Each structure stands twice: as structure tokens, then as C-alpha cells.
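The residues making up each chain are set out below.
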Amino acid sequence: MTSITHPAARPAPAPSSRLTEETDPHCLPPARAAELLSGAPWRRFAAIGDSLSAGVGDPSPGYTSLGWADRLADVLRRVQPGLGYLNTGEVGATTDRVLATQLDRMAEFGPDLVHVPCGANDLFRREPDFAAVERSLRRLYEAAAGTGARLTMFTLGRAFVVPGFPDWEDRVRTLNAVVRRLARDHDAVLVDVWDHPVNARPDLLSADGIHFSASGQAVLAAEVVKGLAGVLGGRD
């Protein structure tokens, strides 16, 4: 498993120096991202799952309004101009729904790189059955890995808070632990968002208080690029 860890957060910029995509220390310019993935073998990239896989989020001033997966596809096209890209991410999809409705399309596509969901929507239950969630995620990951593709996945970040569930942080911690175990089992590229400095940004979330805005999407894309670069040879 390749896992991305992060240093302590940098001091927040002064209000007069609002970050943009060009000045954001956690973003990668497209040319630099393509350089990191130089020689990458992936020609068929699929993202399956929920709104996190789809890259749903509001615009952010100074950032291109693209989801992280679309950004990654653009970078990979610089390396493999004939890249095939499929994104079946569906807002609100649970792990069981992804199993039921998206696996056939993924298999028909024939990916060699697949992003799989972390089960975020499985937390929106009165009492989540984490053993059942893990079983479903394992089935999903095994099916994706069965294509022969490299897997990528995220943990959920601290900024993702649902006030209606007083134990929400505990739910996220438990789910993240499941995802980390499965990432190890499948030698996946794991972007561990839980402690990422981006969580401290006051404008990280969209108006719904759930999805990362464009600035967060840009950071997620950069972290996936770094993780994939690590697979290719530990490049900085």
C-alpha cells in the first residue's frame, strides 16, 4: 500500500493573500503533475462510487471548477494522450448500490486504474453496521482489483461533519480504519485525508457543508498524483 502522510499545517495566509491554484502549496501545476507521472502505464482510468468519486463541489475563487477525478484524467492525458476515462460516481450512492449498479460498467470499460469509494454514505444510518460495511467494501474492492487495475482510495477528512449525528467523528474514525485495512490488503494508493492540513481551511467545504469545494478538489487531485508517483518510483 502507498499512503500519503502530511506535515503540520502551514500558517493560514493573511486575508489579503487569499490562495489561488497557482499559489496553493498543496496543489500541483499540470505540467509538474504530468512530470511526476512521466512513464505512467495507465491508459484506462475509472472512478466508481459516490459524490466523492464524482468530484461534486462548489466553485472556489482562483481555482478551476473541476472535480479531482477530472483533474487527474487531464494530467494522465498529458502522459497518455489516448487515455480512456469513465466516471460513474453517483450522489448518495451507498457501497451496496455501487456493487449493484456500477460494477458491470466498470468491468466492460476494462480499466487499469480504478478509484473506489470509502463508504461515506453508509454512515447516514441510525446505527451503522460496520462489519457489514466492511464486507461490502471488501466485495467491491475485490471486484475492482479483479480487473487487474491499480486501486486508489481516500479516507474521509476531519472537516466533513454532520451535526445531526453526535457520534459522527467516531463513525468517521471507524470507517477510516476499515478503509486503511482494505488499502493494505489490496496494495492500494491511499490518500489519507483525515489529518491533511486542508481540513483547516475555512472555505474548504461547499455550501452544503459536506462536499469539498474546487480548492479541495484541486488538493485531492494533487495528492492522488503524488501517491501514483510514489508507485512509479518514489518521486517527490
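Residues numbered from 1 in each chain as written. Predicted model: local features only at pLDDT ≥ 70, side-chain atom pairs only at ≥ 80, totals over all residues. Heavy atoms only, no water.

Draft legend 1. Quick look at the pairing of strand β5 (residues 150-154). Most of β5 sits out of view: four of its five residues are buried. Pairing of strand β4 (residues 113-115) with β5, which is carried by three bridges, proceeds in the parallel orientation. The residue bridging Val114 from the neighbouring strand is Leu151, located in β5. Tracing the backbone out of β4, into helix α6 (residues 130-145) and back to the parallel element β5 gives a crossover that is right-handed. For β5 and strand β6 (residues 189-191), the ladder comprises three bridges, and the chain directions are parallel. The partner of Met153 across the bridge, within β6, is Leu190. Traced from β5 through helix α7 (residues 168-185) to β6, the parallel crossover comes out right-handed. (Buried < 20%, exposed > 50% of the residue type's maximum accessible area, 1.4 Å probe, protein only. Helix = DSSP H or I, 4+ residues; strand = E, 2+ residues; numbered from the N terminus. Pairing = 2+ DSSP bridges. Right-handed = clockwise from strand over helix to strand, strands pointing away.)

Draft legend 2. Seen up close, the layout of surface pockets. Size it by volume and the second largest pocket reaches roughly 310 Å³. Around the second largest pocket, the lining is made up of 20 residues, and of these Leu52, Leu156, Phe160, Ile210 and His211 lie nearest the centre. (1 Å grid on protein atoms, 1.4 Å probe; cavity = no way out; pocket = protein on both sides within 12 Å on 5 of 7 lines; lining within 4 Å. Points joined across faces, edges and corners; volume = space filled by probe spheres on them.)

Draft legend 3. Fine view of the nonpolar core. If you look at the biggest cluster of nonpolar residues, it comprises 38 residues, and the most contacted ones within it are Leu37, Phe45, Trp68, Leu72, Leu76, Val225 and Leu228. Only α1 (30-36), β2 (44-47), α3 (68-79), β6 and α8 (214-233) provide two or more residues apiece to this core. With ten residues, the top contributor of residues to this core is α8. Contacts of Leu72, omitting those with residues within four sequence positions, involve Leu37, Phe45, Val224, Val225 and Leu228. If you look at the next biggest cluster of nonpolar residues, it comprises 35 residues, including Val114, Tyr141, Ala144 and Val172. (Core = buried A, V, L, I, M, F, W, Y, C linked by side-chain atoms within 4.5 Å. Contact = heavy atoms within 4.5 Å.)

Draft legend 4. Examining the side chain of Thr95 more closely. With respect to the element layout, Thr95 can be found in helix α4 (residues 95-101). Within the local environment of Thr95, its side chain forms a polar contact with the side chain of Asp122, the two groups lying 2.5 Å apart. (Polar contact = N/O pair within 3.5 Å; in protein donor to acceptor, adjacent residues only side chain to side chain.)

Draft legend 5. Representation of α8 in the model. The first and last C-alpha atoms of α8 sit 29 Å apart over 20 residues, in line with the 28 Å expected at 1.5 Å per residue. Counting buried residues along α8, 15 of its 20 residues qualify, which places the element largely inside the surrounding structure. (Expected span 1.5 Å × (residues − 1).)

Draft legend 6. Looking closely at the environment of Phe45. By secondary structure assignment, the location of Phe45 is in strand β2. For Phe45, a relative accessible area of 0% puts it in the buried group. Remark: the alpha-carbon pair of Phe45 and Ala159, spanning 114 residues in sequence, is separated by 28 Å.

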